[in-house]
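# Understanding the architecture of this molecule
Given next are the chains, with one letter for each unit.
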Amino acid sequence: MPGDFEPEQKRYLEGLMTGLQIAKTLRPAGGNGTASLASTGPNGAAPAAEPIGPDAAALRAQDRTIKAGGKLSDPEKFKRELHPFDAYERLKEQAAKNEPPKADDNFRWRFFGLFYCAPAQKSYMCRLRIPNGILNHWQFAGLADLAERYAGGYAHVTTRANLQMREVEPKNAVAMVEAIQDLGLCSRGSGADNIRNVTGTPTAGIDPQELIDTRPYAREWHFHILNDRSLYGIPRKFNVGFDGGGVIPVLEDTNDIGFQAVRVNDGYGIEPGVRFRLMLGGITGHRSFAGDTGVIVKPAEATAVADAVVRIFIDHGDRTNRAKARLKYVLDAWGFEKFVAALEERLGRKLVRATANAIAPRPAFDRFAHIGARRQKQNGYFWIGIVLPVGRLTADQMRGIAKVAHAYGDGDIRLTVWQNLLISGVPQARLAEAEAAIAAASLSTKATSIRAGLVACTGSAGCRLAMSDTKRHAEAIAQWCESRVALDQPLNIHLTGCPNSCAQHYIGDIGLLGTKTQGSDDEDAAEAYHIHVGGGFGPQAQCGREIYRDVKADDAPATIERMLKAYLANRTGTQENFADFTRRYDIDALKALFETQASE
């Protein structure tokens, strides 16, 4: 501007600079968010800065906890001190030094999908995000290469239809995370206090009986999470599953939010058609299935409803007690009516409710449908379910599967919550060739009832929390029982190494929870299991009852053999499954029946 400033202009600039200096003194040094400019409080003291930005809701929830006299849990403190997504340079520095993380960073790096597994393994596990559990053949082959280059040369299929790579040295952690992104995949938010991998019907779009293809809805929610940092401020992990009414169970009723596809009948004052039933609060490790809210939502509204549920959880979830920091406990405290009312207030509209009579029965599950060749809705095409021994795949096997999917199928590889995978779009004329190629990769498309439903968490071989080597013991149980018991009904045996219950032992026909026996003075504690019976999911949803405690791992195969023989000898007929059989008896009567059987 030509010439000197006018007096009014000078006063304006002086006032502006004074205001900026005041704002600077109110701004917090480091941490998350930025202080809002506010007037001074009583006696001229500056009031606490009001958080703004994408982390504001979580910070306000923490502030309310502190103001009420609560003590934040350590992970809440870690997030408050330095948000994981603001610490990537620190992760890179540690990788450059091949340096393991301390406790606070071990928590933070889980926001990038990295779990440091010491003392079980002095390395990271890297868990991915794969919406609806579906990826293509070249991504799968690319992950095989990464498993060899940066990890232990193998991968595990998880109980959330996901993949995790193990034995990633600290020096390779950043390279692994970034190389996964190069493949069009990611690991962001797959661990710690985040919304985990989004599950959906593995046969989505190809299942003759499905009510709806879950892929677009799982995908929409997946990208909604990835692109909104404000959703990363939840108190604990959070699971969302979409069931499309297909033949393979998704276990959506074990999720914090379960979207169940239902067909609404005509004549009940609701527009007929396919909707999602809204289920809330599943966490079977705490012996709870998701409860029916009575609400149904149009599929196109699922993301908006899920977003609102998560934001209520951010505001009201427990920030002090990690054991009570899941959505279930908000629901327990409030009840479903209050929660749904809060949900409607946040959405700004009423939700549609449907009575049980308005909903048609769900098409039935087939508990063998994830194994072997099955007809698709597309005429002349099949999916093939491949057996993976306790969910483990070598890099060579991954490349072999990728070649089969590319050469004989539609190129898709579909992971399931049963720790196996499907290859889809195989023409009937090429089924035999595809199955031969799978066999050449040292894998199978056939399984006994025992092995088809065998589920095991990582166990003590790779998890610091596990008290038993679950995958090894699961294989021992299968090998022992397959040669001694001929079952003609589906059976689920779930082994989990600790009470976190990653393998969901409570929903198995037989569920084993890892523990340690108390050794004598000259004997170390031995790996053992508490054994549960009668669990189920879906229409048979029920948590299993404990029948045995402290069964040594070496004795578990023979124990289960006796249980299965007693079932065959005492069931009402060939149509009675193991869960229904066990539910007819009290625990003492069951024990008496089991003890009449001799193991070989």
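What this report covers is the structure whose coordinates are included nearby. A quick note: this is a predicted structure, and the numbers were derived from the prediction, not measured. (Residues numbered from 1 in each chain as written. Predicted model: local features only at pLDDT ≥ 70, side-chain atom pairs only at ≥ 80, totals over all residues. Heavy atoms only, no water.)

### Some words on the overall build of the protein chain
Convention followed: Starting at the N terminus, helices and strands are each numbered in turn, a helix being any DSSP run of H or I of at least four residues and a strand any DSSP run of E of at least two. Restricting the calculation to C-alpha atoms gives the radius of gyration, and the globule rule supplies 2.2 Å times the number of residues raised to the power 0.38. Using a 1.4 Å probe on the protein chains alone, a residue whose accessible area is under 20% of its type maximum counts as buried, one over 50% counts as exposed, and one in between counts as partly exposed. In what follows, a contact means two residues having at least one pair of non-hydrogen atoms within 4.5 Å. Every accessible area reported is derived by Shrake-Rupley at a probe size of 1.4 Å, with residue values counting cover from the shown protein chains alone. Positive charges come from Lys and Arg alone, negative charges from Asp and Glu alone, with His and the N- and C-terminal ends not counted. Positions of charges follow a simple convention, taking NZ of Lys, CZ of Arg, CG of Asp or CD of Glu.
A count of helical and extended segments in the protein chain gives 18 helices and 21 strands. Taken against the 2.2 N^0.38 rule, which gives 25 Å for 600 residues, the C-alpha radius of gyration of the protein chain at 27 Å falls within 12% of a compact globule. Across the 600 residues in the protein chain, those meeting the buried criterion constitute 56%. By sequence separation, contacts in the protein chain at least 24 residues apart represent 67% of the contacts at least 6 residues apart. Approximately 25100 Å² of the protein chain is accessible, and the part contributed by carbon and sulfur atoms is 50%. Placing the 73 positive and 70 negative side-chain charges of the protein chain at their respective mean positions leaves the two points 2 Å apart.

### A word on empty space enclosed by the protein
Put simply, the rule is: Of the grid points, spaced at 1 Å and generated over the protein atoms alone, those admitting a 1.4 Å probe that cannot get out make up cavities, while open sets with protein on both sides within 12 Å along at least five of seven lines make up pockets; any residue with an atom within 4 Å of a point is treated as lining. Grid points are joined across faces, edges and corners, and a volume is the space filled by probe spheres set on the points. Amino acid classes used here: Ala, Val, Leu, Ile, Met, Phe, Trp, Tyr, Cys and Pro are nonpolar; Asp, Glu, Lys and Arg are charged; the rest, including Gly, are polar.
In the structure shown here, the tally under the stated rule is four cavities of 30 Å³ or more. Asp-55, Ala-58, Lys-79, His-83 and Gly-233 are, among the 14 residues lining the largest cavity, the residues nearest its centre. Those elements giving two or more residues to the lining of the largest cavity turn out to be α2 (56–67) and α3 (74–81). Residues belonging to the lining of the largest cavity are distributed by class as follows: three nonpolar, five polar and six charged.

### Digging into the pairing of strand β10 (residues 291–297)
So the rule is basically this: Only strands joined by at least two bridges in the DSSP assignment are considered to pair.
The buried count for β10 comes to five of seven residues, which makes it a mostly enclosed element. Here β10 runs beside strand β11 (residues 352–353); their pairing, made up of two bridges, is antiparallel. Across the sheet, residue Val-295 finds its bridge partner in β11, namely Arg-353.

### What about the environment of Leu-72?
Mapping Leu-72 onto the fold places it in the loop between α2 and α3. Taking the C-alpha atoms as reference, Leu-72 lies 5.7 Å from Arg-319; in sequence the two are 247 residues apart. Sequence-distant contacts of Leu-72, that is, excluding residues within four places in its chain, are made with Gln-62, Thr-65, Ile-66, Lys-77, Arg-80 and Arg-319.

### Some thoughts on unusual backbone geometry
Pro-119 follows Ala-118 through a cis peptide bond whose omega is 5°. Relative to the elements of secondary structure, Pro-119 occurs in the loop between β1 (114–116) and β2 (124–127). Look at Gln-504: it is not a glycine, yet its phi comes out positive at around 55°.

### Remarks on the pattern of salt bridges
For clarity, the cut-off: Any Lys or Arg side-chain nitrogen found within 4 Å of a carboxyl oxygen on Asp or Glu counts as a salt bridge.
Summed over the entire model, instances satisfying the criterion amount to 41 salt bridges. With a shortest N-O distance of 2.7 Å, Lys-79 and Glu-76 are connected by a salt bridge. In this pair, Lys-79 and Glu-76 are both assigned in helix α3, three residues apart and thus about one turn of the helix distant. What makes Lys-79 buried here is its relative accessible area of 8%. Its relative accessible area of 1% is what places Glu-76 among the buried residues. A salt bridge links Arg-311 to Asp-307; the shortest N-O distance between them is 2.7 Å. One end of the pair is Arg-311 and the other is Asp-307, both in helix α9 (residues 302–316) and four residues apart, which spans about a single turn. On the basis of relative accessibility, which here comes to 13%, the residue Asp-307 falls in the buried class. Among the charged side chains, a salt-bridge network with shared partners connects Glu-76, Lys-79, Asp-193, Arg-319 and Arg-322.

### Things to note about the packing of aromatic side chains
Heads up, the rule is: Pairs were defined over the aromatic rings of Phe, Tyr and Trp, the Trp ring being its six-membered one, requiring ring centres within 6.5 Å. Orientation was assigned from the angle between planes: stacked under 30 degrees, edge-to-face over 60, tilted for the rest. Look at NZ for Lys and CZ for Arg. If either is within 6 Å of the ring centre and within 35 degrees of the ring normal, a charge sits over the ring.
Counted under the stated rule, the structure contains 20 aromatic pairs. Ring centres of Phe-85 and Phe-112 lie 5.5 Å apart, and the angle between their planes is 70°; this geometry places the pair in the edge-to-face category. Here Phe-85, found in the loop between α3 and α4 (88–96), pairs with Phe-112, found in the loop between α5 (103–108) and β1; they are 27 residues apart in sequence, far enough to count as distant. Judged on exposure class, the residue Phe-85 and its partner Phe-112 are both buried. Consider the rings of Phe-238 and Phe-313, whose centres lie 5.5 Å apart with planes at 40°: the pair is tilted. Of this pair, Phe-238 sits in the loop between α8 (215–226) and β7 (240–243) while Phe-313 sits in helix α9, placing them 75 residues apart in sequence. Linked through ring pairs, Phe-78, Phe-85, Tyr-88, Phe-107, Trp-109, Phe-111, Phe-112 and Tyr-232 together constitute an aromatic cluster. Seen from the ring of Tyr-329, Lys-328 lies directly overhead, with NZ or CZ sitting 5.2 Å from the centre. The ring of Trp-334 has Lys-338 sitting right over it, with the charged end atom 4.7 Å from the ring centre.

### Overview of the packing of α9 against helix α10 (residues 327–334)
Our working definition: For helices, the fitted axis covers only the stretch in contact; all axes are lines through C-alpha atoms, and the angles between them, taken along N-to-C directions, range from 0 to 180 degrees. Any angle between 65 and 115 degrees counts as roughly perpendicular, while under 35 counts as roughly parallel, over 145 as roughly antiparallel, and the rest as oblique.
The interhelical angle for the contact between α9 and α10, taken along N-to-C directions, is 80°, at an axis separation of 10 Å. The angle between α9 and α10 places the two elements in the roughly perpendicular class. Two secondary-structure elements touch here, α9 through Val-309, Ile-312, Phe-313 and His-316 and α10 through Leu-327, Val-330 and Trp-334. Looking at the contact of α9 with α10 residue by residue, the class counts come to six nonpolar, one polar and no charged.

### Points about the pairing of strand β19 (residues 510–516)
Here β19 lies mainly inside the structure; six of its seven residues are buried. Relative to β19, strand β18 (residues 493–496) is paired through four bridges, and the arrangement is parallel. What sits directly across from Leu-495, in β19, is Leu-512. Both β19 and strand β20 (residues 527–533) contribute to a ladder of seven bridges, which runs antiparallel. Bridged to Leu-512 within β20 is Ile-531.

### Remarks on helix α16 (residues 556–570)
The criterion, for reference: Given the number of residues in a helix, its expected span is that number minus one, multiplied by 1.5 Å.
Its 15 residues give α16 an end-to-end C-alpha distance of 21 Å, which sits within 8% of 21 Å, the value for a rise of 1.5 Å per residue. Counting buried residues in α16 gives eleven out of 15 residues, a clear majority hidden from the surface. For α16, the complete set of buried residues consists of Ala-556, Pro-557, Ala-558, Thr-559, Ile-560, Glu-561, Met-563, Leu-564, Lys-565, Ala-566 and Tyr-567.

### Focus: the sheet that holds strand β6 (residues 199–200)
Ordered in space as β6-β7-β8-β9-β10-β11, the six strands form an open sheet in which the pairing is mixed. Edge positions in the sheet fall to β6 and β11, since each of these pairs with one other strand and no more. Its contacts with the sheet place helix α11 (residues 336–347) against β9 (273–280), β10 and β11, and it is angled at close to 30° to β10.

### Side note on the side chain of Arg-367
To be explicit about the condition: We define a polar contact as two N or O atoms separated by no more than 3.5 Å, with the added condition that, inside protein, one atom must be a possible hydrogen donor and the other a possible acceptor, whereas residues neighbouring each other in sequence contribute only through side-chain atom pairs.
Within the secondary structure, Arg-367 is located in the loop between β11 and β12 (372–375). Among the residues examined, Arg-367 registers a relative accessible area of 19% and is labelled buried. One polar contact links Arg-367 to Asn-492, side chain to side chain, over a distance of 2.5 Å. In terms of polar contacts, Arg-367 uses its side chain to reach the side chain of Asp-509, at 2.5 Å. Not counting residues up to four positions away in its chain, the partners in contact with Arg-367 are Pro-490, Leu-491, Asn-492, Asp-509, Phe-537 and Gln-540.

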